[in-house]
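Structure at a glance
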Amino acid sequence: MSLFQLIRFVLAGLAALVLFLLLRKKLKQRTVIILAVAVFAAADVLLCNTPLENAVYTFPTPEAAADYVGFGDVTDVVEGEESALFLTGGSGQYQMRVFPKAADGWKLCGENGTNIKGFFGGEDTAIQLVQMKNSTEYYVVVIYTGGNAEVTDSCGTVFRTLQKGDGATSDSIYLAYVPDYDAQYVLTVNGETISLG
């Protein structure tokens, strides 16, 4: 359990305990327990989506922010203007999350702070359009199962290769920050044009 999760677990537990102590003599014990459990669950969800730490702390590196929330070892960071897409894992087991930038480091986003705004699944191509919630920053992740691919888009974005696949045991993975994303955005993967707008 990460420090981020532990703090929220303790705070949600304290809220449930206070409710239990206040109501234990006024209501039936079963009712109080059910209410305390409901308060614990609601408080935990709310706190996991509210990074209170942002008010008092800025993380010096992407790795420090990812480690604090229990996101694992950062494999790659694709930076935008106001945020960055963090990836962890390896060998096809990647996870991603968008974290906001600060002037002197990195802030946290809540667990629902990364939105999948678009998805395409084809015969040998899977594409995700990822956005940081409440921002205009977009990232594209392309997974190609047929070996290596040539990936371009309508914005002239330069795609980074996270992993080169052999088409049999591993996939190719390409990443990019797309600063000029709009509804007419299209990708081309090995000559196939794909609309994500």
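Below is a summary of the structure that appears in this document.

Basis of the calculations
- Once a new chain begins, its residue numbering starts again from 1 and follows that chain's sequence as written.
- Confidence filtering applies because this is a predicted model: local features only for residues at pLDDT of at least 70, side-chain atom pairs given and counted only at 80 or more, and all residues used for totals across whole chains, interfaces and linings.
- To obtain the side-chain values, all non-hydrogen atoms of the structure were used and water was disregarded.
- The numbering of helices and of strands both runs from the N terminus, where a helix is a DSSP run of H or I of at least 4 residues and a strand a run of E of at least 2.
- In a helix, the anticipated span is given by 1.5 Å times the number of residues less one.
- Between buried and exposed lies partly exposed: a residue is buried under 20% and exposed over 50% of the maximum accessible area for its type, with that area taken using a 1.4 Å probe on protein chains only.
- Each C-beta atom gives one direction from the helix axis, and the arc is the one those directions make.
- Contact definition: two residues touch when any of their heavy atoms are within 4.5 Å.
- Paired strands are those between which DSSP finds at least two bridges.

**Observations regarding helix 2 (residues 29-48)**
The end-to-end C-alpha distance of helix 2 is 28 Å, a good match for the 28 Å that 20 residues give at a rise of 1.5 Å each. Taken together, the buried positions of helix 2 are occupied by Val 32, Ala 36, Ala 43, Leu 47 and Cys 48. Considered in projection along helix 2, the buried side chains sweep an arc of 120° and stay on one side of the axis. Away from its buried face by more than 90 degrees, helix 2 exposes Arg 30, Ile 34, Val 37, Val 45 and Leu 46. Where helix 2 is buried, its residues meet helix 1 (3-23).

**Some details on the sheet that holds strand 3 (residues 95-102)**
Read from one edge of the open sheet, four strands run 1-2-3-4, paired in antiparallel fashion. What marks the edges here is a single partner per strand, and that holds for strand 1 (74-79) and strand 4 (105-106). Bridge count for strand 2 (residues 83-88) against strand 3 is six bridges, and the pairing is antiparallel. Bridge pairing in strand 3 links Leu 87 to Met 96.

**A look at helix 1**
Its 21 residues place the ends of helix 1 30 Å apart at the C-alpha level, agreeing with the 30 Å of an ideal helix rising 1.5 Å per residue. Within helix 1, the full set of buried residues consists of Phe 4, Arg 8, Ala 12, Ala 16 and Leu 23. One side of helix 1 carries all its buried residues, which in axial view fall inside an arc of 85°. Summarising the contacts, the buried residues of helix 1 are in contact with helix 2 and helix 3 (62-68).

**Observations regarding the environment of Ser 170**
Tracing the chain through its elements places Ser 170 in the loop between strand 9 (160-163) and strand 10 (172-178). For Ser 170, a relative accessible area of 22% gives the class partly exposed. Here the alpha-carbon distance between Ser 170 and Gly 113, two residues 57 residues apart in the chain, equals 29 Å. Leave out the neighbours within four places in its chain, and Ser 170 touches Gln 163, Lys 164 and Gly 165.

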